[in-house]
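The chain contents come next:
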Amino acid sequence: MLTQTTSRVLEPSDLDAALAILDREPVANAFVASRVQVAGLDPWRLGGEMWGWYEDGILTSLCYAGANLVPICAGSRAVRAFADRARRAGRRCSSIVGPSGATSDLWRLLEPQWGPAREVRRHQPLMVTDRLPADITPDPYVRRVRKDEMETIMPACVAMFTEEVGVSPLAGDGGLLYQARVAELVGSGRAFARFDADGKVVFKAEIGAATDRACQIQGVWVAPEYRGTGLAAPGMAAVLRYALADVAPVVSLYVNDFNTAARRAYQRVGFQEVGAFMSVLF
């Protein structure tokens, strides 16, 4: 029994306690919760360690340390402990991402050793909805991507990622991990697209993280030559309809604050701001 204030790497036996923390904020924690529900806390299956912060022997905060470093329900003392552990371990993540308050504090402590970052996005509105819009008809041409359409959807996914993150997902391992992730979303029926008459992708989005409480739409993209033609809002309404019917009762996303066109489209579909994320990209 841990009786002092401390942090440690969680073990599979800590699963119930970790899930209880994640369940406190099901929308903000959807990304990590979805991974933990599938993989548990075994680092090999989870793709990283889960660090826990204990106050008087009680688990109160988490930090996922994998390809992303993600503080979860973390107050100032927990953030300091996670920063100490991250400094000792050295940077192994490609980004720090999470609720803006804790992420900002974590980056302030890590920046002297880990900086400079390639890019810091300090304010990314977190938006949610639990219903279909009354005044936008879902695009009837947006549908699930089939498994035999991987070669068609991949260029659109790569274009979206490169545009969004600033580097290609094909760098490093030639895109093997990224292709596997896209294939996983297609195989699970959580990738959606509209194709034109020539079979080219003109709109796409995925339901990335998913739990029984909330899911998160990601990878929203309109082909450049179709931007400004009104595809985004009906396309999002179509993906939202699938999400609410098949995945979770609450649907979320987060968006760069400078992407005014996307924010306007999401607001038209009924998404409302409930908080903010922050991302530090390396």
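Placed above this text is the structure.
Described below are features of the structure shown in this document. (Residues numbered from 1 in each chain as written. Predicted model: local features only at pLDDT ≥ 70, side-chain atom pairs only at ≥ 80, totals over all residues. Heavy atoms only, no water.)

### Quick notes on the pattern of salt bridges
- On inspection of all chains with the given rule, the structure shows 18 salt bridges.
- Note that Arg146 and Glu149 form a salt bridge whose closest N and O atoms lie 3.3 Å from each other.
- Given a relative accessible area of 44%, Arg146 falls into the partly exposed group.
- We note a salt bridge from Lys204 to Glu206, for which the minimum N-O separation is 2.7 Å.
- Given the relative accessible area of 0%, Lys204 is considered buried.
- On the accessibility criterion, Glu206 (7% relative accessible area) is buried.
- Each of the salt bridges in this network shares a partner with another, and the network as a whole consists of Arg143, Arg146, Asp148 and Glu149. (Salt bridge = Lys/Arg side-chain N within 4 Å of Asp/Glu carboxyl O. Buried < 20%, exposed > 50% of the residue type's maximum accessible area, 1.4 Å probe, protein only.)

### Thoughts on the pairing of strand E9 (residues 201–210)
- Counting buried positions along E9 yields 10 of 10 residues, so the element is predominantly enclosed.
- The pairing of strand E8 (residues 191–195) with E9 spans five bridges and is antiparallel. Each bridged residue has a counterpart across the sheet, and for Arg194 the counterpart in E9 is Phe203.
- Remark: five residues form the turn of the hairpin made by E8 and E9, two consecutive strands paired antiparallel; Gly199 in that turn has positive phi of roughly 85°.
- Pairing of E9 with strand E10 (residues 215–222) involves five bridges; the strand directions are antiparallel. Paired with Lys204 across the two strands is Trp221, which belongs to E10.
- Linking two consecutive strands that pair antiparallel, namely E9 and E10, is a turn of four residues. (Helix = DSSP H or I, 4+ residues; strand = E, 2+ residues; numbered from the N terminus. Pairing = 2+ DSSP bridges.)

### A word on the packing of aromatic side chains
- For the structure on display, the rule yields eight aromatic pairs.
- Summarising the aromatic geometry, the rings of Phe161 and Tyr178 are spaced 5.2 Å apart at their centres and angled 65° between planes, so their arrangement reads as edge-to-face. Here the residue Phe161 occupies a position in helix H6 (residues 150–165), and Tyr178 occupies one in helix H7 (residues 176–187), the gap between them amounting to 17 residues.
- On the accessibility criterion, Phe161 (24% relative accessible area) is partly exposed.
- Among the residues examined, Tyr178 registers a relative accessible area of 14% and is labelled buried.
- Put simply, the rings of Trp107, Trp114 and Phe282 touch in pairs and so form one group of aromatic residues.
- Sitting over the ring of Trp51, Arg85 keeps its end group 5.9 Å from the ring centre.
- Against the face of Phe282 rests Arg91, its NZ or CZ located 4.2 Å from the ring centre. (Phe/Tyr/Trp six-rings, centres within 6.5 Å; stacked < 30°, edge-to-face > 60°. Lys NZ or Arg CZ within 6 Å of the ring centre and 35° of its normal.)

### Brief notes about unusual backbone geometry
- Omega for the bond connecting Gly115 with Pro116 falls within 30 degrees of zero, at -5°, which places this linkage in the cis form.
- Assignment of secondary structure puts Pro116 in the loop between helix H5 (100–114) and strand E6 (119–129).
- Residue Asp56 is not a glycine yet carries a positive backbone phi of 50°.
- Structurally, the position occupied by Asp56 is in the loop between strand E2 (49–55) and strand E3 (58–65).
- Looking at Asp56, the relative accessible area reads 61%, which means it is exposed.
- Here Cys73, not a glycine, exhibits a phi torsion of approximately 50°, which is positive.
- Relative to the elements of secondary structure, Cys73 occurs in the loop between strand E4 (68–72) and helix H4 (76–89).
- When its relative accessible area of 18% is taken as the criterion, Cys73 is described as buried.

### Concerning the packing of H4 against H5
- The geometry of H4 relative to H5 is characterised by a closest axis approach of 9 Å and an angle of 30° between their N-to-C directions. On the basis of the axis angle, H4 is roughly parallel to H5. Where H4 crosses over H5, the handedness of that crossing is right-handed. Contacts between H4 and H5 involve Val79, Arg80, Phe82, Ala83, Ala86 and Arg87 on the former and, on the latter, Ala102, Asp105, Leu106, Leu109, Leu110, Gln113 and Trp114. (Axes fitted to C-alpha atoms, helices over the stretch in contact; angles between N-to-C directions. Parallel < 35°, antiparallel > 145°, perpendicular 65-115°, else oblique. Left-handed = near helix turned anticlockwise from the far one by under 90°. Contact = heavy atoms within 4.5 Å.)

### Re helix H2 (residues 30–39)
- Three or more residues of H2 are buried, namely Ala30, Val32, Ala33, Ser34, Val36 and Ala39.
- With its phi angle positive at about 70°, Gly40 sits one or two positions after the end of H2.

### A closer look at the nonpolar core
- In terms of nonpolar packing, the biggest core is built from 28 residues, with Met236, Val239, Tyr266, Val269 and Phe271 touching the most fellow members.
- Of all elements in the fold, only E9, E10, helix H8 (232–246), strand E11 (251–254) and helix H9 (260–269) reach the threshold of two or more residues within this core.
- A per-element tally of this core places H8 first, with seven residues.
- Tyr54, Leu62, Tyr64 and Val128 belong to the second-largest nonpolar core, a separate cluster that totals 24 residues. (Core = buried A, V, L, I, M, F, W, Y, C linked by side-chain atoms within 4.5 Å.)

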